[in-house]
Amino acid sequence: MLRVENLHKAFDDFKAVNGANLRVDRGDLVAVIGPNGAGKTTLFNLITGHLKPSQGKILFKGEDLSRLPAHAICRRGIARSFQIANIFPRLTVFRNVQVSVLSQKNLSKTLFRPAQSLMVEETERILKSVGLIEKKLDVAGSLSHGDKRTLEIAIALGNEPEMLILDEPTAGMSPDETAAAMSLVTRLAREQGLTILFCEHDMDVVFNVATSIMVMQHGQTIIQGTPTAVREDPTVQEAYLGEA
Amino acid sequence: MEKKLNFARSGFLWSAMLFLVLLLVPFFAARFYVYILGLIFARALLAMSLNLLVGHGGIYQFHHAVFYGVGAYTAGLILAKTPLPAGMALLAGPLMAAVAGLIIGLFCVRLNKLYFGMLQISLGSLVWIIALRWYSLTAGDDGIHGIPVPDVISGATPTYYFLLFVAAACLVVMYLILKSPFGVTLRAIRDNPQRCEAVGINVRRHQLLAIVIASFFAGVAGVLYVVLEGSIFPDMLFWVLSLEIFIMCLLGGWFTFFGPVVGAAIMVFLQTFVGSYTEYWTFVLGIVLILLIFFLPEGIMGINFREWARIRSRRASAQAAD
């Protein structure tokens, strides 16, 4: 479904991504791991069009995404969450998700119909599926950290994505929140047939959940394979032991 | 939910009552006050159109007066210099303003925030220079006065009603737009443009549409001014006026619907009444602004509603306790 081939991104002299390769098949739950500064977030930003690659290819269902703007890539079925909770703080929880549903249905330029009565069912269905329906009238900025992260995922779901990219979905969460968030992600993947690409620091989470793991270091892909294969790979062991 | 509904209904009630009172004004008020109210309508509409961008869209349109001026000049020139029907002139004003908004906006939306504002001032000033220097067409600094306005809407009272109805209709349309999916999306863009891109919203295109809409209404305000005064002059698209409109929004309250109307009323009031005592009326304005920034950072309407809600809920709970 998604293939990244020999991708490079340089910021002046600094090579943030320097030969990344990735393969995500439909229905996969792919984790990208690597030490801080390995280029994981940059890789995600390249895939979703928030940055433009210096070199290399990003193919989604056979189409090259590398020159498309972010909103066009979203239209092709890739939605994402961000590392730092990225929501609309002054709007209500309901509106946060409704904005994305309206955009998905091409209604966001509608001028003379009240938004109050549009896409209400669709929005509430998403809020129900992530468990935020009780808080739908709360102002998003007042939510707890965990709820903000969940809301982010709900906003992404509003786009009816085929593929969901999650940048450290459990960053800054307590162990309980982490468990809840990951069970939400796996449940969504199962129920809605979503393909998920995520990066994560918590190795327990990664090895429990992922069907495939890609390891990055210094902007480069070392290996991609099943959790067992990655665990037993000598270069990975060396990289992680060497860094530690 | 219940509370919110009540609030919306009472807001509607107050607006309707205000409208009724305004309908009756020409029957009891002196001609001068009727004129001042007309001026407030035109300025209020202008401030509302800017607030569509600044308060609801987070778009720093620093030089908004340009579109007011373009609307006024288009209507004024057609009325004064061509045999075309007056209705056409009145319609052409807002349309030309929207076109100017589209052209200037096309360049500006590529930039963000402050850079947007800077480029907007520069391009707007170009339009001002044209109005100032194209002497054979615009009479330059002298402006054009005594523009013939169609009989149906000339004379103090008919003009007043024309301004009242057009301004009220425009406010209703703007209200509907702000409640529409486009309005919701615009506020989402104000809050977080990056996230909007990531949910598939073409941010620049939405901003451009907002600019065109706001320019259109600014053009309507310009036409209203021509009907009221029968004059056009280059100061109408000078950046000082843009600053005044900005202050109206700030004064009344960015994040409320009626805030800019209140701001415009205060500005016209200060200009007229303090201005009749001293030419340094801006000194009073300066003091008002300083007090405002310290004590009412969200503008007059901003605080008013919050206080009101608090008093109401206290009264409600007191009643419940009885």
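Structure's up top.
What counts and what doesn't
Residues numbered from 1 in each chain as written. Chains lettered and ligands numbered in written order. Predicted model: local features only at pLDDT ≥ 70, side-chain atom pairs only at ≥ 80, totals over all residues. Helix = DSSP H or I, 4+ residues; strand = E, 2+ residues; numbered from the N terminus. Rg over C-alpha atoms; globule rule 2.2 N^0.38 Å. Buried ≥ 20, exposed ≤ 12 C-beta atoms within 10 Å, placed from the backbone. Contact = placed C-beta atoms within 7 Å. Pairing = 2+ DSSP bridges. Axes fitted to C-alpha atoms, helices over the stretch in contact; angles between N-to-C directions.

Visitor: It is not clear to me how the overall build of chain B should be interpreted in this structure. Could you clarify?
Guide: Scanning chain B from terminus to terminus reveals 14 helices and zero strands. For chain B, the succession of helices and strands along the chain, N to C, is α-α-α-α-α-α-α-α-α-α-α-α-α-α. By the compact-globule yardstick of 20 Å for 322 residues, chain B fits well, its C-alpha radius of gyration being 20 Å. Taken along its principal axes, the extent of the C-alpha atoms in chain B is 75 × 55 × 40 Å. Considering chain B as a whole, with its 322 residues, one finds that 44% of them fall into the buried category. Across chain B, every contact between residues at least 6 apart in sequence was considered, and the portion connecting residues at least 24 apart equals 76%.

Visitor: Help me out: how do you make sense of the sheet that holds strand β8 (residues 195-199) of chain A in this one?
Guide: Backbone hydrogen bonds are what pair the strands of a sheet, in a parallel or an antiparallel way. Residue and element names in this part refer to chain A. Across the sheet, six strands lie side by side as β6-β7-β8-β3-β9-β10; this open sheet has mixed pairing. On the outer flanks of this sheet lie β6 (78-81) and β10 (220-225), each paired with one strand and no other. Neighbour-to-neighbour, the strand axes of this sheet turn through a mean angle of 15°, independent of strand direction. With five bridges joining them, strand β9 (residues 212-217) and β10 adopt antiparallel strand pairing. Bridge pairing in β10 links Ile-213 to Gly-225. Seen against the sheet, helix α1 (residues 40-47) touches β3 (29-33), β6, β7 (163-167), β8 and β9 and runs at an angle of roughly 150° to β7.

Visitor: Would you mind going over the sheet that holds strand β1 (residues 2-11) of chain A with me for this structure?
Guide: On the basis of which strands lie adjacent, the open sheet formed by four strands has the order β2-β1-β4-β5 (chain A) and antiparallel pairing. Both outer strands of the open sheet, β2 (14-24) and β5 (63-64) of chain A, are each paired with one neighbouring strand and no more.

Remember that the coordinates give geometry; whether it matters functionally is a separate question.
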